[in-house]
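Coordinate inspection notes
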Amino acid sequence: MTTPWSRRGFLAVCSGTAATLGLGPRAFAASDEFATLRARWRTLILGEGFDPTAEPFKSRLADLGTTAGQYRATMAPTAGSLWPDLVYADPDPDTDQESYGYSGNMNTSYTRLSTLAQAYCQPGTGLTGDADLRDAVITGLDHLHDDVYNANQTRYGNWYSWQIGAPQALLDVCVLMYGALSADQLSGYLAAVDHFVPDSAVATYSGTSTGANRVDLCRVLALRGIAGASAAKVALARDALSPVFPYVTSGDGLYADGSFVQHTTVPYTGSYGSVLLGGLGLLFALLAGSSWEVTDPNRQIVFDAVEHAWAPFLHNGLVMDGVAGRAISRGLSAADPKRIQQDDHLRGHPVLASIVLLGQGASAAENARWRALVKGWMQRDYYSPPLADPVLSLPHLARLKGVQDDGSVTAAAEPAGHRLFPSMARATHRSAGWTASLSMANKRITYYETGNGENLRGWHTGSGMLYWWGDTFAGGQYSDAFWPTVDPYRLPGTTVSRKALADGAGGDWGASMPDVNWVGGATDGRRAAVGQYLKGLQSTLVAKKSWFFLDDTVVCLGAGITCTDGTAVETTVENRNLGPTGGAPLTVDGTVRPASYPWSATLTGAKWAHIGGHGGYVFPAGATVRALRDARDGSWSAINKGGSTTVLNRKYLTMYVDHGTDPANAQYAYLLLPGATAARTQARAADAGWLTVLANTDSRQGVSVRSLGFTGVNFWFGGTVGRLTASDPCSVMISENDDGTAVIAVSDPMLVRTSLTLTWRRAVAAVTSAPGTLASAATGSALTLTFGDLTGTAGASQRVTVRLG
């Protein structure tokens with residue numbers, strides 16, 4: 001259905017021009033190239049191909065008009081502010097937290113003007129083409145320019161507000177209102193941008209000019225060039241993107257193993273990575289076919305990263321919290337009048353839409369695969385359907401609606417498999433009916449990130465936190481006010497000291513990292529052995545933790561758990577968020593436990609437990625487990641200084657192993673069976689031969705599952721476990737297949753091995769494929785493999801395929 005007022009008409013309202021928007025090579029005549037690029041940017045930020053009279057667009061456009069009307073009504077230009085609730089005049093300008101707030105108010109003032117401009121240009125807002133609204137936007141631009149954002153102003157507070165946030169919003173408004181601005185007005189605004197974002201901002205790839213921040217700076221430079229008809233600025237923006245593309249081996253950027261790091265030490269695929277992906281998609285589309293098209297062949301690395309780096313961390317529309325840094329604490333903002341709670345789903349939806357946009361510049365095959373993936377994620381996001389996302393932009397909504405309505409696209413299922421990301425100490429695992437993610441820390445990757453008063457209690461998120469979701473259940477496990485209400489000392493999978501930590505302990509911006517090397521694992525792409533040498537944050541705690549990811553189970557081992565903090569040490573088997581009602585039943589060894597709150601019990605000699613609607617837990621040798629039902633209060637403001645003070649309550653079912661105060665060489669062993677029924681959990685517990693724990697000590701941890709042909713061992717030191725002997729520390733997993741072959745995966749998580757010898761006492765007829773690091777192999781009644789220098793493999797698994805004897 002077409003709107004009575006065409007898109008061309010709306011472009012005319014905003015700029016007095018209606019240029020061709022084709023994306024073909026050299027689509028522009030030189031004389032109108034900047035006008036065409038302005039028109040294209042308007043399309044990119046306003047959206048296209050949607051019916052403004054149909055949902056979800058009709059309601060969203062009406063809401064945009066309502067919000068813009070409220071902003072216009074409350075605008076009150078005066079010295080130090082444009083809106084009374086956004087005072088930006090800083091009485092003591094510096095870079096402390098208070099100044100961050102003032103600079104943020106300046107940034108938000110420009111964002112509100114962008115909202116007004118969008119309401120003026122979009123159809124169906126009730127303010128489309130409204131002359132008074134146009135005049136209000138221009139009044140606001142002039143006021144902010146004269147009062148704060150100009151070429152004579154010295155910046156204060158957060159650099160981001162001056163170099164990225166405010167200029168991006170300002171330049172968007174300049175493009176949208178281009179035909180209504182005088183040459184002098186535009187010149188003044190652009191001079192301010194030049195002052196705060198000079199060419200030197202991208203002169204070196206360092207500091208705050210890397211990764212996603214670099215892409216944002218290039219967006220500013222490109223739009224400044226397009227608005228001011230400066231070919232040199234646009235060329236600079238294009239060329240300054242090139243350092244973003246190549247793989248890095250340290251610091252910020254994309255790694256060959258699919259990791260994405262920002263702020264030097266923080267896994268950030270789901271937050272800064274989302275910004276990078278979205279920003280590159282916009283710039284690729286903006287400049288396509290122009291004199292400044294991005295043709296650097298390394299941009300293929302970004303295309304490859306869609307499936308290699310982003311897809312592994314997307315599950316049913318959400319992006320996993322383990323790669324979202326301090327964004328996990330941005331739930332309900334005190335400043336949001338609509339009181340919309342941000343969560344992993346609302347962070348994931350823009351990633352889906354950005355993948356669709358990026359696909360327009362990729363190959364036909366890539367674009368088809370990505371659209372199929374996006375359609376699958378959308379269809380499976382029952383918890384938070386993307387097209388009902390209250391904060392997703394109109395262009396993103398239009399992109400996702402286009403995929404949903406495209407009958408030629410068949411939704412892709414989630415592929416089963418395991419992915420290790422040694423460069424950022426993360427792992428993901430997909431199997432039939434469930435997905436898991438593991439977060440660790442080492443000397444290169446921080447325990448957690450705090451900063452700007454955000455994520456104040458994320459201390460233990462890198463201490464082996466094991467997230468998991470079902471395909472058709474528990475989609476809101478970490479979305480439903482989990483972070484403000486969960487006990488931050490009892491995150492699932494972690495081993496921690498109960499030593500009290502101060503908010504923001506360890507320092508801002510990922511400053512604190514454990515002095516450990518051995519963090520990583522080995523995988524054949526389906527199953528995995530993963531380990532973490534754990535040292536506690538501001539604690540004497542040390543432990544060796546291992547996870548063996550199998551088809552329907554995660555086997556979890558801990559050993560060498562030692563601490564002298566004078567406090568209790570706990571391993572949290574599970575801490576399930578059961579929402580406001582918390583009715584899921586708990587069954588232990590066949591007995592249903594009380595469902596009342598609060599409730600607690602010590603489960604002595606427990607063999608298995610089951611949480612109805614979630615999954616099962618098996619304790620192979622029996623265990624003493626503490627269990628409790630807890631109704632916990634919390635507020636977003638407690639973990640984020642900008643958060644709402646509203647007190648929330650969620651009910652939790654927690655199981656943990658209490659290692660006691662100041663334990664020495666304590667250990668644990670349990671199995672997690674996501675989605676298992678009580679009957680299947682009980683049957684696994686009764687099958688004493690299913691799992692053999694080969695070792696669980698401070699030196700070595702390993703398991704064998706004969707029915708799967710699986711052996712996994714983490715050698716913290718060289719030695720012998722079962723039929724495997726390693727000369728040095730390493731991670732090993734073996735999968736014996738029904739066709740008489742086996743895959744042996746080996747890695748050196750410490751990244752120091754110049755030589756490693758592994759012996760498997762098993763008859764092997766021949767080695768059929770091997771990595772370049774394999775220096776020699778001897779077969780027969782035992783297989784001996786000698787690897788050369790593994791330091792250059794960045795902790796990646798080296799896979800050897802053999803034919804069994």
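The structure reproduced in this document is the subject of the present report. (Residues numbered from 1 in each chain as written. Predicted model: local features only at pLDDT ≥ 70, side-chain atom pairs only at ≥ 80, totals over all residues. Heavy atoms only, no water.)

1. Some remarks on the nonpolar core
To keep things clear, this is the line we draw: What is meant by a nonpolar core is a set of buried Ala, Val, Leu, Ile, Met, Phe, Trp, Tyr and Cys residues, joined one to another through side-chain atoms within 4.5 Å. Exposure classes here rest on a 1.4 Å probe applied to the protein chains alone. A residue is buried below 20% of its type maximum, exposed above 50%, and partly exposed in between. By definition in these notes, contact holds between two residues if any of their heavy atoms fall within 4.5 Å.
Within the largest apolar cluster, 120 residues are counted, with the highest numbers of intra-cluster contacts made by Tyr 110, Leu 113 and Tyr 149. Ignoring any residue separated from it by four or fewer positions in sequence, one finds Leu 113 in contact with Met 75, Leu 82, Trp 83, Ala 136, Val 137, Gly 140, Leu 141, Leu 144 and Val 173. Counting residues in each nonpolar core, the second largest holds 75 residues, with Ala 481, Val 519, Phe 619 and Tyr 652 among its members.

2. Some points on the pattern of salt bridges
Note the cut-off: The term salt bridge refers to a side-chain nitrogen of Lys or Arg lying within 4 Å of a carboxyl oxygen of Asp or Glu. We count a stretch as a helix when DSSP gives it H or I for four or more residues in a row; a strand needs E for two or more, and each element gets its number in order from the N terminus.
Evaluated as defined, the whole model comprises 31 salt bridges. Of the charged contacts, one joins Arg 326 and Glu 454 as a salt bridge, the two residues approaching to 2.7 Å between their closest N and O atoms. Within this pair, whereas Arg 326 is found in the loop between strand E5 (318-319) and helix H12 (344-359), its partner Glu 454 is found in the loop between strand E8 (434-439) and strand E9 (465-470), the two being separated by 128 residues in sequence. The pair formed by Arg 326 and Glu 454 is uniform in burial state, with each residue classed as buried.

3. Some points on the packing of aromatic side chains
Inclusion rule: Any two of the Phe, Tyr and Trp rings considered here, Trp counted by its six-membered ring, make a pair once their centres fall within 6.5 Å; the pair's planes then place it as stacked at under 30 degrees, edge-to-face at over 60, or tilted in between. Only Lys NZ and Arg CZ are tested; either one counts as a charge over a ring when it is within 6 Å of the ring centre and within 35 degrees of the ring normal.
Per the counting criterion, the structure on display carries 24 aromatic pairs. A ring pair is formed by Tyr 467 and Tyr 478, whose centres lie 5.2 Å apart and whose planes are at 70°; its orientation type is edge-to-face. Here Tyr 467 is found in strand E9, whereas its partner Tyr 478 is found in the loop between E9 and helix H15 (482-485), with 11 residues between them in sequence. Summarising the aromatic geometry, the rings of Trp 468 and Phe 473 are spaced 6.2 Å apart at their centres and angled 75° between planes, so their arrangement reads as edge-to-face. Here a set of aromatic residues connected by ring pairs shows up, and it is made of Tyr 467, Trp 469, Tyr 478, Phe 482, Trp 483 and Tyr 652. Taking NZ or CZ as reference, Arg 490 lies 4.2 Å from the ring centre of Tyr 656, over its face. Lying over the aromatic face of Tyr 533, Lys 544 brings its terminal NZ or CZ to 4.9 Å of the ring centre.

4. Re unusual backbone geometry
Following Glu 55, the chain continues to Pro 56 via a peptide bond in cis, the omega torsion being 5°. Within the secondary structure, Pro 56 is located in the loop between helix H2 (33-46) and helix H3 (57-74). Of note in the backbone geometry, Ala 229 takes a positive phi value of approximately 55° without being a glycine. For Ala 229, the position within the fold is in the loop between helix H8 (211-227) and helix H9 (231-241).

5. Looking at the sheet that holds strand E25 (residues 719-721)
Just so we agree on the cut-off: Each pair of strands is called paired provided DSSP finds at least two bridges between the two strands. Interaxial angle, 0 to 180 degrees, is taken between N-to-C directions of lines fitted to C-alpha atoms, where a helix line uses only the stretch in contact.
Here five strands make up an open sheet; going across it, the order is E25-E26-E29-E32-E31 and the pairing antiparallel. Every interior strand has two partners, whereas the edge strands, E25 and strand E31 (774-778), have only one. Averaged over all adjacent pairs, the angle separating strand axes in this sheet is 15°, with direction ignored. Pairing of strand E29 (residues 756-760) with strand E32 (residues 783-787) involves five bridges; the strand directions are antiparallel. Counterpart to Thr 757 in the pairing with E32 is Thr 786.

6. A word on the pairing of strand E13 (residues 542-549)
Counting buried positions over the eight residues of E13 gives seven, a clear majority of the element. Pairing between strand E12 (residues 528-535) and E13: eight bridges, direction antiparallel. Within E13, the position partnered with Ala 528 by the bridge is Phe 549. Here E13 hands over to strand E14 (residues 554-562) after four residues, the two strands then running antiparallel side by side.

7. Some details on the sheet that holds E8
Across the sheet, which stays open at both edges, the four strands sit in the order E6-E7-E8-E9 with antiparallel pairing between neighbours. The open sheet has two edge strands with one neighbour each: strand E6 (417-421) and E9. Here the average twist between neighbouring strands, direction ignored, is 10°. By the bridge criterion, six bridges tie E8 to E9 in an arrangement that is antiparallel. Directly across from Thr 435, in E9, lies its bridge partner Trp 469.

8. Regarding the side chain of Ser 463
With respect to the secondary-structure elements, Ser 463 resides in the loop between E8 and E9. Sequence-distant contacts of Ser 463, defined by excluding residues within four places in its chain, comprise Ser 439, Gly 493, Thr 494, Thr 495, Val 496, Gln 532, Leu 534 and Lys 545.

9. Concerning the packing of H2 against helix H14 (residues 394-405)
Helix-helix packing is characterised by the crossing angle of the two axes and by the distance between the axes. To be explicit about the condition: Each angle receives one of four descriptions, namely roughly parallel if under 35 degrees, roughly antiparallel if over 145, roughly perpendicular if within 65 to 115, and oblique otherwise. Note that Gly is not counted as nonpolar here; it falls among the polar residues with everything else outside the nonpolar set of Ala, Val, Leu, Ile, Met, Phe, Trp, Tyr, Cys and Pro and the charged set of Asp, Glu, Lys and Arg.
Contact geometry of H2 with H14 gives a least axis separation of 6 Å together with a crossing angle of 75°. As the angle between them shows, H2 and H14 are arranged roughly perpendicular. Across the interface between the two elements, Leu 44, Ile 45 and Leu 46 of H2 pack against Leu 394, Pro 395 and Arg 399 of H14. Its residues assigned to classes, the contact of H2 with H14 shows five nonpolar, no polar and one charged.

10. Considerations on the environment of Val 202
Its location among the elements puts Val 202 in the loop between helix H7 (183-196) and H8. Put simply, Val 202 and Thr 784 are 582 residues apart on the chain and 51 Å apart in space, counted from C-alpha to C-alpha. What Val 202 contacts, discounting residues up to four positions off in sequence, is Ser 209, Arg 214, Leu 217, Leu 221, Leu 236 and Ala 240.

11. Section: the environment of Gly 520
Following the sequence through the fold, Gly 520 ends up in strand E11 (residues 519-523). Between the alpha carbons of Gly 520 and Ser 747 there is a distance of 8.2 Å; along the sequence they are 227 residues apart. Setting aside its immediate chain neighbours within four residues, Gly 520 contacts Ala 529, Val 530, Gly 531 and Pro 749.

12. Observations concerning the side chain of Thr 759
Applicable threshold: Whenever a nitrogen or oxygen atom comes within 3.5 Å of another N or O atom, the pair is scored as a polar contact, on the condition that within protein one atom can donate a hydrogen and the other can accept it, and that pairs from neighbouring residues in sequence are kept only if both atoms are in side chains.
Looking at the element boundaries, Thr 759 is found in strand E29. Engagement of the side chain of Thr 759 in a polar contact is seen with the side chain of Thr 784, the distance being 3.3 Å.

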